[in-house]
Amino acid sequence: MKSTTPKVLHAICGRSLVGHVVAASRELDPEHLVVVVGHAREQVREHLAEVDPAVRTAVQHEQNGTGHAVRTALEELRGSGAALDGTVVVVCGDTPLLTGETLKNLSDTHGADGNAVTVLTAEVPDSTGYGRIVRDEVSGAVTAIVEHKDATEAQRAIREINSGVFAFDARLLVDALGKVRTDNSQGEEYLTDVLGILREAGHRVGAAVAADHREILGINNRVQLAEARRLLNARLLERAMLAGVTVVDPATTWVDVTVSFEQDATVLPGTQLLGATHVGAGAEVGPQSRLTDTRVGADASVSFTVADGAEVGPGASVGPYAYLRPGTVLSAKAKAGTFVEMKNSQIGEGTKVPHLSYVGDATIGEYTNIGAASVFVNYDGEAKHHTTVGSHCKTGSDNMFVAPVTIGDGAYTAAGSVITKDVPPGSLAVARGQQRNIEGWVARKRPGSAAAQAASSARQESGQGSDRKSEGER
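Scope of this entry: the structure provided in the associated data block. Since this is a predicted model, take the numbers as computed values, not measurements. (Residues numbered from 1 in each chain as written. Predicted model: local features only at pLDDT ≥ 70, side-chain atom pairs only at ≥ 80, totals over all residues. Heavy atoms only, no water.)

## What about the packing of aromatic side chains?
Cut-off, in case you're wondering: Under the pairing criterion, centres of Phe, Tyr and Trp rings, with the six-membered ring standing for Trp, must be within 6.5 Å; the plane angle then separates stacked pairs below 30 degrees from edge-to-face pairs above 60, leaving the rest tilted. Every helix listed is a DSSP run of H or I at least four residues long, and every strand listed is a run of E at least two residues long, numbered separately from the N terminus. Here's how the labels work: a residue is buried when its accessible area is under 20% of the maximum for its type, exposed when over 50%, partly exposed in between, all with a 1.4 Å probe on protein chains only. Lysine NZ or arginine CZ positioned within 6 Å of the ring centre and within 35 degrees of the ring normal marks a charge as sitting over the ring.
Following the criterion strictly, the structure yields four aromatic pairs and no others. Ring centres of Phe 304 and Tyr 321 lie 5.1 Å apart, and the angle between their planes is 35 degrees; this geometry places the pair in the tilted category. On the criterion of sequence distance, the pair formed by Phe 304 in the loop between strand 20 (301-302) and strand 21 (305-308) and Tyr 321 in the loop between strand 23 (317-318) and strand 24 (322-324) is long-range, its members being 17 residues apart. When the ring of Tyr 321 is compared with that of Phe 339, the centres are 5.4 Å apart and the planes differ by 15 degrees; the resulting orientation is stacked. Taken as a pair, Tyr 321 in the loop between strand 23 and strand 24 and Phe 339 in strand 26 (residues 335-347) lie far apart in primary sequence, 18 residues in all. Relative accessible area serves as the criterion here: at 44%, Tyr 321 is assigned to the partly exposed category. Within the aromatic cluster, the residues linked to one another by ring pairs are Phe 304, Tyr 321 and Phe 339. Over the ring of Tyr 379 we find Lys 384; its NZ or CZ atom is 5.4 Å from the centre of that ring.

Here you go:
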């Protein structure tokens with residue numbers, strides 16, 4: 001990956017590579033789930049503790065092959081007193097497209113066929129470089145897995161390949177791993193050698209074919225990471241659309257696995273829905289919006305918006321060009337309009353903040369209108385302070401609300417006011433200096449300018465003359 005981040009911690013669609021594999025494995029409801037860690041194990045362990053605290057880890061101090069890795073996991077279980085019986089499913093930590101459904105089919109096939117080992121296979125358009133699955137022509141049992149470099153021309157024509165995912169009889173696996181040799185070019189213990197050992201002992205080796213060969217794709221570089229992201233994203237969007245969601249342009253829409261929708265939601269082009277975002281019935285999100293851990297209520301509209309940890313109520317309107325930061329809650333039919341930023345604020349039902357405003361650390365009641373270019377001044381350089389605006393208030397444009405301050409229900413504030421004191425309910429607050437006009441200033445200070453000529457012409461047209469003196473000159 002050419003990265004300081006361990007490969008399995010690279011993320012697509014809201015989960016790390018290993019996080020996807022763990023989630024798929026959990027769908028089997030396993031008695032034990034063990035992740036073998038080696039390189040950068042502390043980082044991987046810390047991550048696993050966050051995504052699935054019940055996962056056990058086994059340390060492979062030296063990377064001596066896949067067979068050695070499995071043996072390390074079994075020794076971890078044995079050391080904890082676990083009974084090594086039943087079915088052991090082995091998966092790779094870099095296959096994020098693998099589904100729980102496919103793993104369940106593998107496990108069910110393994111049990112139904114009475115196999116000692118069952119390998120997950122896939123039929124691919126191009127099998128170059130993969131290990132080929134060779135089957136008995138009569139029974140269909142797997143007789144060998146032949147690597148590409150060792151395959152005959154006839155075997156290279158086989159399109160069924162080994163995925164590296166297996167189901168084993170636990171007791172037979174433990175015994176066979178003890179017989180795996182390291183006399184190969186890598187000097188490692190190969191898990192695939194177990195298949196030959198079990199077959200030579202007279203046990204049945206079977207296979208289960210994945211419904212979609214793309215599920216077994218492993219990730220070894222960032223090109224493959226991007227391709228897996230595209231495939232998984234397409235799968236998620238297809239699932240949403242089949243459930244009644246309109247996705248206008250799937251090619252420019254990106255979602256995480258943890259995103260949820262209700263029927264008749266619409267997602268417009270250029271939209272990213274991340275984390276635990278939920279889009280309600282009839283809501284429209286986009287275009288060009290990025291929502292993270294945000295809930296959008298039924299019939300709400302969110303356009304050209306960035307939102308993180310926000311809640312948009314039913315029928316509410318956001319954007320275009322709005323920014324909702326964590327802790328923002330818009331109640332039903334509320335509005336955060338053009339170039340509005342909100343943070344840690346509760347906005348009441350039907351209240352509107354239409355344009356060019358910042359609302360931070362505030363509570364605003366119902367059916368209030370906040371005038372354009374208003375700023376809730378919440379930070380004094382050391383601490384944040386709260387502003388409360390009541391219901392049915394009308395605040396003027398270009399207001400500064402210097403927290404902590406309270407505007408009572410039904411109160412008005414005049415345009416251009418800096419509100420530093422509480423405003424009683426039903427009052428009008430005016431907090432601005434008196435206007436003073438200095439006549440003749442342009443003629444004296446900017447003689448000959450375009451402004452002076454325009455002023456002179458305007459005075460002549462109005463009959464005031466161009467040499468009228470100001471009060472101070474009389």
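Now that the structure has been shown, the text picks up again.
## Observations regarding the environment of Ser 3
For clarity, the cut-off: Any pair of nitrogen or oxygen atoms within 3.5 Å is treated as a polar contact; in protein, a donor-acceptor pairing is required on top of that, and neighbouring residues in sequence qualify only through side-chain atoms on both sides.
If you trace the backbone, Ser 3 turns up in the segment before strand 1 (11-12). With a relative accessible area of 31%, Ser 3 lands in the partly exposed category. For the pair Ser 3 and Val 418, spaced 415 residues apart in the sequence, the C-alpha separation amounts to 52 Å. Within the structure, Ser 3 has its side chain in polar contact with the backbone nitrogen of Thr 5 (distance 2.9 Å). Side chain to side chain, Ser 3 and Arg 222 meet in a polar contact 3.4 Å long.

## Considerations on the nonpolar core
Which entries qualify depends on this criterion: The criterion is simple. A nonpolar core is a set of buried Ala, Val, Leu, Ile, Met, Phe, Trp, Tyr and Cys residues joined through side-chain atoms within 4.5 Å.
With 55 residues, the main nonpolar core has Leu 324 and Met 342 as its most contacted residues. Going through the elements one at a time, helix 8 (222-242), strand 24, strand 26, strand 27 (352-364) and strand 33 (405-407) are the ones with two or more residues in this core. Counting 27 residues, the second largest nonpolar core, distinct from the first, contains Val 88, Ala 116, Val 119 and Phe 166.

## Topic: the pattern of salt bridges
Let me state the cut-off plainly: Should a side-chain nitrogen of Lys or Arg be within 4 Å of a carboxyl oxygen of Asp or Glu, the pair is scored as a salt bridge.
If you walk through the whole model with that rule in mind, you get 16 salt bridges. Residue Glu 42 is joined to Arg 45 by a salt bridge in which the shortest nitrogen-to-oxygen separation is 3.5 Å. With Glu 42 and Arg 45 both in helix 2 (residues 41-51), this residue pair falls three residues apart, about one helical turn. What makes Arg 45 partly exposed here is its relative accessible area of 30%. For Glu 189, the salt bridge identified is with Arg 71, shortest N-O distance 2.5 Å. One end of the pair, Glu 189, is in the loop between helix 6 (170-177) and helix 7 (193-200); the other, Arg 71, is in helix 3 (residues 66-79), with 118 residues separating them in the sequence. Here the residues in one salt-bridge network are Arg 71, Glu 75 and Glu 189, joined through shared partners.

## Focus on the pairing of strand 8 (residues 142-146)
Rule in force here: The pairing criterion for strands is at least two bridges between them, as found by DSSP.
Both strand 7 (residues 132-135) and strand 8 contribute to a ladder of four bridges, which runs antiparallel. Bridge pairing links Ile 133 to Ile 145 in strand 8. Connecting strand 7 to the next strand, strand 8, in antiparallel fashion are six residues, including Gly 140 with a positive phi near 80 degrees.

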